[in-house]
Each structure stands twice: as C-alpha cells, then as structure tokens.
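Listed below are the residues making up each chain.
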Amino acid sequence: MAAMDICDRCTWRTPVLIKTLKDDNMKNKLIFFLISFLGLLTTVGAGTIKVVTTIPDLKSITELIGGDKVSVSSIATGYQNPHFVDPKPSYIIGLSKADLFVTVGLDLEIGWSPQLLASSRNTKIQKGAEGYVDASQGVGLLQVPSSANRAEGDIHIYGNPHYWLDPLNGKVIARNIANGLERVDPSNKSTYEANLQAFFKKVDVKMKDWQAKMAAFKGSKIIAYHNEWVYFETRFGLNIVDFMEPKPGIPPSPSQLVKVIKEIQANNIKVIISSPYFTTSSSDVVAKQTGVKELTLATSVGAFDSIKNYFDLFDYDIEQLTAILK
Amino acid sequence: MKLKNIVYPICLTFAVVITTPSFSQVPADSTAADSALLKQVEQQMQSNAQPAQQPQQTRSTLSFNPDIGVIGDFQGSYTSKGNKNFNAYLNETELSLQANVDPYARADFFLSFARDPETGKYSVDVEEGYLTTLSLPAQLQLKVGKFREAVGRINPTHPHALPFIDLPNAYVNYFGEEGLNDEGASLSWLIPNKKFYQEIVFQVTSGLSGSPTFFRGDNNRLIYLGHLKNFFTLSDNATLELGLTGITGPNDSSRTTSIAAADLTYKWKPVQMNTYRSVTWQSEFYYGHANLMENLSVNSFGLYSFIQYQLAKRWFLTGRYDYAQKPYDKDIVEQAYSLTGGWYATEFSKIELEGKTTDDNVAKRYYQAWLRWIFVIGAHGAHQY
C-alpha cells in the first residue's frame, strides 16, 4: 500500500516538475531517476517474506516451512534466557519492516516483546493483525495455575511456556507458522503446505528414533535448575524430582540446596540438568556434596554451535542425557 | 474517448460474470439429481430449525479492563541540614492503567498519589496520561496528552526505575523534581536507517505543568523540543546511545530560555549471562541560555555521570558525580558525589540505600542518605533499554 501511495504521488507530480525544467538533459535525468526509483520499489515489494521471531526455535521452524520464500531473523539467541531479553532499540529496525512476527506467547516474552512491537510502528504485525503468529495456539498446555499468585515465583498464568521442548508440539508450532505465512503470502500456499507435510513426516521419523533412545531411561529421576523442562520430561518419560530454584525465578537458597542434596542421596539421582544462561555455582556445591553430575542442556536452537535447527536440538539433548544416564 | 471504448466492454463483461452465478441459483430445469439435492437441503434446513442443544454458556474470564498495576515507593531519609534530620514516608503510590484503545491507538495512564513535602498531605496527580497511535504511515508515531518529555535518559524514566533515589542536581536545577512533564503533542519518526537505530522526536507543549525553567505566561508562546536518538550496537554484548536535545520556550520573565542537552550511554550486558552481570555508564550534559531581563542573559552548565555495576544477579552498585551551575546564577556551583547499593529481590521489588555528599561554593558541605523500598503489584510494563 505504501509503495502504491508513493507511485500515485510520483505520477501526479512528475508533469508539474518536468514543466519547470527547461533543460532537456535535466528532464531525462529526472525521468531516469523516477523510473529507477519505481523499479527499486517494485524490487523491494517482490522480495521474500520478512519474518521476525522471538526465539531461534521459531526461526528454525519458519525456515523449514518457508524455504526460500522467507528471510527470517530471531531477536533472542539460543544461549540466552528468553524471559529476560533486553529490548534494544536496534531490534525495532527489523520489526518495522517485518511481514510476519512469530512469538512463543503465554507471556514468556511479556517483559520485552510488547514494548518492541508497540515501538515498531508496523501495523501488519501487531497482536490480532494478519502478520502476528502466536505459536502456542492449540498446544496442550501443562502446569496451568489455578490462581495467579506471585508468591509462587515467576509463574505464567496461561501455563508453562516452554512447550517447544516437546517435538510433537513442534508440529502445532509449524501449523501455526504455516497459517501465518499463508495469510500474508497466499500465492505460495502450496509450497508452505508441502513443506509442512515434509516437516510433519520428519518429526514422526525422528520421534521414533528419539523415543527408542530414551526408552531405557523411562522414569529416571533428575533435578533441574529451572522449571522449563516439563514438556520434554512428559514426552520422554523422565521424572524431575525437584529444582535448584526454590520457586521459578528465585535463585537457589541454602535451604533449597540442603533439600536437593537429601533428595539426590535418597533417590540415587544421577544428574542435574541446567541451561546455558544459568550459573553453575549452586549446582557445583551440590555436585561436590553428592557426586551428582551436572549437565548443561540446550533449550533452544543455537545454544551450542552444533545445534543448527529444531531437529538438532533434540538430537543434542537426547545424546547428552542418554550418555550421562547410562 | 479511446479509453472509454475499452473500459465500457470490460465493465459490461465483468458485470455479466458476477451476475451469472445468481441466475444459475434459480432451478430452471429441475432434474432428478437436483430434486435429490433439494431434498437433502430441505432436510438439513429442518434439522437446523430444530432447537439445537444450547452450547454451554461459560462466562469468559477475559475482560476489556486495562492492565492495572500499583507501585509503592516507601522511603526513609536523613539530611545533615536543619533540625529535622530523619524522616520516613510513603513517597509515592503510582497507579498504572494501560490498554489498547482500538486498532489505531493505545492509552497509558499513570496516576500518582504523592505526599506534598511542604504540607505533608497527600494529593492525586496525573503523572502521565497519553494516547499513542499505532497505525500512522511513514514510520511516524503521535502521542498526545501529558507525558514525560524526550530529554535524554533520566526525564522519560519514572523515578522508581532509576538506579538511585535522588535526582541529579543539574537535572533538578533545570527541570525540577517532577521533571519536564507537560501537556501537548509529540511526533516521532523512525528514520529509515538500516545501519543503526535513529529516531527524531518533536514535541510541542503548553508549559502549564510548570518547571523551574519554563513558564506559561499570558500569551500564546509554547515550549518546543526536538530530540535525536542514535543507538549503536557495538557487539552482541555492548551498545552505545547518543542523544541530542534542544528545548526552547518562555520563562517566568516572559522571555526565552533555551536548553541544549546531550546524553551518552554505554552498556555492557553479556547476552548469555545478562541477568548476572552488566555495566552501564551514563552521562548527560545540559547547557542553558536564559534571557532573564533586557541585557541580562545567563549561560549555565550542568552534568551528571554515573556508572552502575551489577555485582551478581541481585546486587547493583551505582556511583554518580554531579556538577551544576545554577541556571539563574552560574557563579553558584554545586558538586556532589553519591553511592547507591541496590538489592533487587525480584522484578517486582527492590531495596536501595544511597549516601550523598554535596558541596557548593556558597553554603557548607552537607550529607544526605536515603533508603527506599519499591514494590509492584499487578501488571508491570517493561522499562526502556
């Protein structure tokens, strides 16, 4: 629409401007300039669909669904805490030009993405617009609280938002992203649908492999640093006994460490799992006391160099976990 | 004429094409297949006409109420000046109400219930109340209402979000304890620069709210402000912001005061461990030119510079230096040093302790200290980076 407005203005103004220019050479130069300008506008319009996602897992899935029809960037990196991304103004540049915005939703990004969206001045990607994709739509949510009470720490009133850590939820995310892409770019619907089916198939194939690898460790008791593994735990039959954080978002306290140490000793727990953005100092103390192993798993694509896409994420985590639980 | 010859047949054809389906809906020739279809439709219609089972009318918990938050600011203070040295008070209670108005705009209200330091009585004030457009073309955004104006970094920030309890001397000299917070309109433009973030803000306000510098007299003179914000990403972990501001408006002598300001902020915040470690170095410079009487103009200067260091996830230490010439007499110079330690329990509460020493070349050195506890309930919007 913006491009059309500019074009309208150009055709309306051109004769007026040309009349005032006596020099033919100047006239030619002006016409050439206008034509190039219009050409530039059409080239920009005919480019790929520009997508901004909040976390790199959504970026990876968007790339798998969109193929060469999309260019995708993620605001957060794979090794940073998605709850606490700093809303740097530089992110607004990408958002102001985006055709599609994909968010985890469920208030995971409440501290930073609403502010960035409001500052983007881009009506296409505001909540409720065609270019806004809440990837959580249709996901079977876990840990939906019965009351909203901050005395329980950083709880999320809509449910635990770390749902992308179940590969089957990846399918729901992919469906939502495909819907979004088809809304803003209906001409490539068949491509998106074909890629979506291919994605579904690959999830099914990989899932069998992952399930087979994890089968031997069903019911394995582990400790986690933060409550962000419930979807992974449920899918692969693990049993997270307790967390290093006494409550979500509250740093480990001495009394919590004592409690965890007792639990590890009582249940013969082999491993504490954590994420790249948490310090290991408290887990180190527990490890020293009990001999439990510490394992930093990836919560997102890009957490470690080898994790290039959504499938690599589970390959990595399952390989690491199975090796340590053996 | 030629164009008409082409357009009319096209329109005609188009009209025929769009009206044809409606003709076909009339059963001109009722074949066996048609009547079977008709029966099916009739059956369907009948079944629809039967009172269908009422869907369960569960009342949605969603509502159009705005996001509501309350911020409490409890303070204790000490000053070495005068006889009444200690004090404890609920400095401010801020009520925030924020929501989208419609697809075109959002509204933000911040109501402040604060104690008047003179009378000790509480009063209600609209700290901010403004409408922001969401759908202006050409990367423009318009804000109307009462808002904290775009002077550098401190003025747009609500005091509870600052890393110290008192405000820098130079800032207070020019804009007062309440800051430059006025009624009017603000238009900002996101400059289409792909290399780094650039935004220009232009604000026109009435001057009714009052500040030490600007005053609305019995005429039509308004306060004009222009601000250019440049934000550079130096690396994944480091950013630099440079802002330039110019303000001009009438003063209480019905003459003109102009202020030029610059702000420079360097932040280091490692992406991976951004909740544990960070360093911020922020400075603002103010230069004022006040035409107070015929043949009397005062040029004054002031600055503050602070370094905030995050020691651990919850611990922050901030050291600040203030230099301030009085805008009405540049020979009166204040210099102050302060140190603030902060313990941020969660995103929703923090405790800070600040000590400050002030020297000026007229009165003797004095000391101040504050302790404050900030706590938030309900919704709490994100702060600016």
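Quick note: structure is the one above.
Cut-off values and rules
Residues numbered from 1 in each chain as written. Chains lettered and ligands numbered in written order. Predicted model: local features only at pLDDT ≥ 70, side-chain atom pairs only at ≥ 80, totals over all residues. Helix = DSSP H or I, 4+ residues; strand = E, 2+ residues; numbered from the N terminus. Contact = placed C-beta atoms within 7 Å. Pairing = 2+ DSSP bridges. Buried ≥ 20, exposed ≤ 12 C-beta atoms within 10 Å, placed from the backbone. Arc of directions from axis to C-beta. Axes fitted to C-alpha atoms, helices over the stretch in contact; angles between N-to-C directions. Expected span 1.5 Å × (residues − 1). Parallel < 35°, antiparallel > 145°, perpendicular 65-115°, else oblique. Nonpolar A, V, L, I, M, F, W, Y, C, P; charged D, E, K, R; others polar. Core = buried A, V, L, I, M, F, W, Y, C linked by C-beta atoms within 7 Å.

Quick look at the overall build of chain A
Item 1. Helix and strand counts for chain A stand at 11 helices and 8 strands.
Item 2. Relative to all contacts within chain A whose residues are 6 or more apart in sequence, the contacts with residues 24 or more apart total 61%.

What to know about the interface of chain A and chain B
Item 1. Contact residues are listed per partner, giving 28 residues for chain A and 27 residues for chain B.
Item 2. Put simply, the parts of the chain that give the side of chain A that touches chain B at least two residues each are α4 (90-97) and α5 (113-119) of chain A.
Item 3. Here the side of chain A that touches chain B takes 4 residues from α4 of chain A, the largest share from any one element.

Quick word on the pairing of strand β10 (residues 256-268) of chain B
Residue and element names in this part refer to chain B.
Item 1. Summarising the sheet, strand β9 (residues 238-250) and β10 pair through 13 bridges and their orientation is antiparallel. Across the sheet, the residue bridging to Thr-245 is Ala-261, located in β10.
Item 2. Linking β9 to β10, which pair antiparallel, is a turn of 5 residues; within it Ser-254 sits at a positive phi near 60°.
Item 3. Both β10 and strand β11 (residues 278-293) contribute to a ladder of 12 bridges, which runs antiparallel. Across the sheet, residue Trp-268 finds its bridge partner in β11, namely Val-279.

So, helix α10 (residues 281-290) of chain A
Residues and elements named next belong to chain A.
Item 1. Looking at α10, one finds that the buried residues are Ser-282, Ser-283 and Val-286. Projected onto a plane normal to the axis of α10, the buried residues spread over an arc of 100° and lie on a single side. Exposed side of α10, more than 90 degrees from the buried face: Ser-281, Asp-284 and Lys-288 are the residues found there.
Item 2. On the buried face of α10, the contacting elements are α9 (254-267), β7 (271-274) and β8 (293-296).
Item 3. Positive backbone phi, approximately 80°, marks Gly-291, located one or two places after α10.

Regarding the sheet that holds β8 of chain A
All names here are of chain A.
Item 1. Sheet architecture is open: 4 strands sit in the order β6-β5-β7-β8, paired in parallel fashion. The outermost strands of the open sheet, each flanked by one partner alone, are β6 (239-243) and β8. Each strand axis lies, on average, 35° off the axis of its neighbour in the sheet, ignoring direction.
Item 2. Pairing between β7 and β8: 4 bridges, direction parallel. Within β8, the residue paired with Ser-274 across the bridge is Thr-296.
Item 3. Along the sheet, α9 contacts β5 (221-224) and β6; its crossing angle with β6, the most-contacted strand, is approximately 150°.

Observations concerning the environment of Ala-194 of chain A
Item 1. Its place among the elements puts Ala-194 of chain A in helix α7 (residues 189-215).
Item 2. Separated by 128 residues in sequence, Ala-194 of chain A and Gly-66 of chain A place their C-alpha atoms 10.0 Å apart.

With respect to the sheet that holds strand β1 (residues 49-53) of chain A
All names here are of chain A.
Item 1. In spatial order, the strands read β2-β1-β3-β4; together these 4 strands make up an open sheet with parallel pairing. The open sheet has two edge strands, β2 (70-74) and β4 (132-134), and neither has a second partner. Averaged over all adjacent pairs, the angle separating strand axes in this sheet is 20°, with direction ignored.
Item 2. Set on the sheet, helix α3 (residues 56-66) makes contact with β1, β2 and β3 (100-103); between it and β2 the angle comes to about 175°.

What about α9 of chain A?
Item 1. Helix length check: α9 of chain A (14 residues) gives 20 Å between terminal C-alpha atoms against 20 Å at 1.5 Å per residue, within 8%.
Item 2. Directly beyond the C-terminal end of α9 of chain A, a positive phi value near 50° is found at Asn-268 of chain A.

As for the packing of α3 of chain A against α7 of chain A
Residue and element names in this part refer to chain A.
Item 1. Where α3 contacts α7, the axes come no closer than 7 Å and their chain directions differ by 120°. Between α3 and α7, the crossing angle belongs to the class labelled oblique. On the side of α3, the interface is formed by Leu-64, Ile-65 and Gly-66, while α7 contributes Tyr-192, Asn-195, Leu-196 and Phe-199.
Item 2. Of the residues contributing to the contact of α3 with α7, the split by class is 5 nonpolar, 2 polar and no charged.

Topic: the nonpolar core
Item 1. Ranked by internal contacts, the top residues of the largest apolar core, which has 80 residues, are Ile-65, Leu-95, Leu-100, Phe-101 and Ile-177 of chain A.
Item 2. Ranked by the residues each element gives to this core, the list is headed by helix α11 (residues 310-325) of chain A, at 6 residues.
Item 3. Sequence-distant contacts of Phe-101 of chain A, defined by excluding residues within four places in its chain, comprise Val-52, Leu-95, Leu-117, Ile-125, Gly-131, Tyr-132 and Val-133 of chain A.
Item 4. Membership of the second largest hydrophobic core comes to 20 residues, among which are Ile-154, Leu-180, Ile-259 and Tyr-304 of chain B.

Notes on the packing of helix α6 (residues 167-184) of chain A against α7 of chain A
Each pair of packed helices can be described by the angle between their axes along with the distance between the axes.
All names here are of chain A.
Item 1. Between α6 and α7, the shortest axis-to-axis distance is 10 Å and the interhelical angle comes to 175°. Between α6 and α7, the angle is such that the two are roughly antiparallel. Where α6 approaches α7, its residues Pro-167, Leu-168, Gly-170, Lys-171, Ala-174, Arg-175, Ala-178, Leu-181 and Glu-182 are matched on the opposing element by Lys-189, Tyr-192, Glu-193, Leu-196, Phe-199, Phe-200, Val-203, Lys-206, Met-207 and Trp-210.

Function-wise, these values are silent; they only describe arrangement.
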